[in-house]
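Spelled out from the first residue to the last, the chains are:
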There are 2 protein chains.
Amino acid sequence: MDEIRNDDNKKETRNTRQKKLIIDCLNKYGSNHMTVEEIFNLIQQQDTQISIATVYRNLRLLEEQGLVNKVFVADDATAYYEIKDAASSHSHHHLICRQCGAIIDFEDDLLEALEKMITLTKGFQVQDHHVAFYGICRDCTEKNKAAQDAVEKPAPDEARQ
Amino acid sequence: MDEIRNDDNKKETRNTRQKKLIIDCLNKYGSNHMTVEEIFNLIQQQDTQISIATVYRNLRLLEEQGLVNKVFVADDATAYYEIKDAASSHSHHHLICRQCGAIIDFEDDLLEALEKMITLTKGFQVQDHHVAFYGICRDCTEKNKAAQDAVEKPAPDEARQ
DNA sequence: ATTACAACTGATAATAAATAGCGACAATCT
DNA sequence: AGATTGTCGCTATTTATTATCAGTTGTAAT
Ligand SMILES: [Zn+2]
Ligand SMILES: [Zn+2]
Ligand SMILES: [Zn+2]
Ligand SMILES: [Zn+2]
């Protein structure tokens, strides 16, 4: 009988205005991997009454339902959120820029082979993985190069701001 | 000439009793990836006066000097520490058991290829990476199998504790 | 050994991210 | 409409970590 009662543990979720605002927000800016604060600040412009506790609560619920993705960036204890739509459900990796903090998505499946190897050599049954590459993004690389050039050849005036 | 002046920014570090205790502790249990609390509790047995703030401080210094490694496990906001000796300086990956929480080291270099690809396709200059595989460790897999067997064939008494 | 100076210490306050508790509200179903 | 109960906004709490600060100690030069 216990098993039957267990069906109950998928508690039904409601469609509140606040939840819709959060999903809309993530759909709009979600590819930027937003913090709770950022989400809260944006939503406040449409709903000045909303509480940040509600944002936390809903993000947790949405994550439990598998509708959003909670991303951690080592070295930074705060969570970042993104929509987990059809395209990105296919768990991707993150490129994190040490200069500007940008979090960039990267699709790839090369780790499947590695997972098989781990199961074989370590007896560890891999369910999924979190991968982050740290470095300097394209934009910052270009900015740095420009700044470097400006130093090398004294530069035509406007190069210095 | 700038390079010479840069030597200054390595502020000199001192050899205190507390720092030694922390390194000893990590050398002894370091392969277990300990939390600050765990390190603090163990050291307290040898130095009842030590403050947990000192443990935090020294771990931060040691990490900045590259002597210890700070490991984050997504979904868990607390940091884990391990010694970064010759063997493990060669940045390894972590297998994290969802059942017992074990953090297991895994040596591998297959990601170099992936890093090259990222630089090519995304223009992102990879400096290093953090990789974690989540799943069930060998011990837990075996325990689960044993438990499962115990249910299937009613079991010779001692199987139930 | 004495001195001097900055890095360090222990105790505690402060910060930051996230959660828990609670009375009131409102989404959903009959 | 009425009942149920998930959710809301508010506030207090918890947890991990850092900042502060007066007193201490490692280190190196005298
Ligand atoms: Zn960047
Ligand atoms: Zn992403
Ligand atoms: Zn395990
Ligand atoms: Zn490790």
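Up top is the structure.
I will try to describe carefully the structure that is included in this document. Quick caveat, the model's predicted, so the values are computed rather than measured.

1. Details of the interface of chain A and chain B
For interface size, the figure often reported is the accessible area lost on association. The interface of chain A with chain B comprises 36 residues on the first partner and 36 residues on the second. Summed over both sides, the interface of chain A with chain B buries roughly 3,400 Å², with 66% coming from carbon and sulfur. Counting across the interface, chain A meets chain B through 2 salt bridges. We note a salt bridge from Asp 128 of chain A to Arg 98 of chain B, for which the minimum N-O separation is 2.9 Å. One can count 16 residue pairs in polar contact (both at pLDDT 80 or more) joining chain A with chain B. For the side of chain A that touches chain B, the secondary-structure elements that each account for two or more residues are β4 (93–97), β5 (103–106), α6 (111–122), β6 (125–136) and α7 (138–152) of chain A. A total of 12 residues in the side of chain A that touches chain B trace back to one element, the largest contributor, which is β6 of chain A. Each residue belonging to the side of chain A that touches chain B can be placed in one class, and the counts come to 20 nonpolar, 8 polar and 8 charged.

2. A look at the protein's contact with DNA strand D
In the neighbourhood of DNA strand D, 22 residues make up the surrounding shell, with Arg 14, Gln 18, Thr 54 and Arg 57 of chain A together with Arg 14 of chain B lying closest. The sugar-phosphate share of atoms of DNA strand D within 4 Å of the protein amounts to 67%. Between DNA strand D and the protein, one listed contact pairs a phosphate oxygen with a backbone N or O atom of Asn 15 of chain B at 3.3 Å. Of all the secondary structure elements, the ones that give two or more residues to the surface near DNA strand D are α2 (17–29) and α4 (52–64) of chain A together with α4 (52–64) and β3 (76–83) of chain B. Among the elements that take part in the surface near DNA strand D, α4 of chain A stands out by supplying 5 residues, more than any other.

3. Section: the coordination of the zinc ion (ligand 1)
Residue and element names in this part refer to chain A. Taken together, Cys 97 (SG), Cys 100 (SG), Cys 137 (SG) and Cys 140 (SG) make up the protein donors of the zinc ion (ligand 1), found 2.3 to 2.4 Å from the metal. Its 4 donor atoms give the zinc ion (ligand 1) angles of 105 to 114° at the centre, a pattern that matches the tetrahedral case. As a motif over one chain, the donors of the zinc ion (ligand 1) read C-x2-C-x36-C-x2-C. On the basis of relative accessible area, Cys 100 is assigned to the partly exposed category, the value being 45%.

Calculation criteria
- Per chain, residues are indexed from 1 in the order of the written sequence.
- Just so you know, chain letters begin at A and ligand numbers begin at 1, following the order they were written in.
- Local features in a predicted model are, by the rule used here, given only for residues with pLDDT of at least 70; side-chain atom pairs are given and counted only at 80 or more, and totals for whole chains, interfaces and linings are based on all residues.
- The side-chain values count all of the structure's non-hydrogen atoms but skip hydrogen atoms and water molecules.
- By definition in these notes, contact holds between two residues if any of their heavy atoms fall within 4.5 Å.
- The term buried area means the drop in 1.4 Å probe accessible area that two parts suffer when joined, counted for both and summed.
- By salt bridge we mean one thing: a side-chain nitrogen of Lys or Arg within 4 Å of a carboxyl oxygen of Asp or Glu.
- Pairing of N or O atoms within 3.5 Å defines a polar contact, subject to two protein rules: one partner must be a possible hydrogen donor and the other a possible acceptor, and residues neighboring in sequence count only if both atoms are side-chain atoms.
- Think of it this way: any DSSP run of H or I at least four residues long counts as a helix, any run of E at least two long counts as a strand, and we number them from the N terminus.
- Three categories are distinguished: nonpolar for Ala, Val, Leu, Ile, Met, Phe, Trp, Tyr, Cys and Pro, charged for Asp, Glu, Lys and Arg, and polar for the others, with Gly belonging to the last.
- It suffices for a single heavy atom of a residue to lie within 4 Å of a molecule or strand for the residue to be listed as near it.
- Here the coordinating atoms are restricted to nitrogen, oxygen and sulfur within 2.8 Å of the metal centre, or 3.2 Å for Na, K and Ca, and because water is not among them the sites may look incomplete.
- Working rule for geometry: tetrahedral if four donors all subtend angles between 85 and 135 degrees; square planar for four, octahedral for six, if opposite donors exceed 155 degrees and the others stay between 65 and 115; irregular in every other situation.
- Three labels apply to residues, based on accessible area from a 1.4 Å probe with only protein chains included: buried if under 20% of the type maximum, exposed if over 50%, partly exposed otherwise in between.

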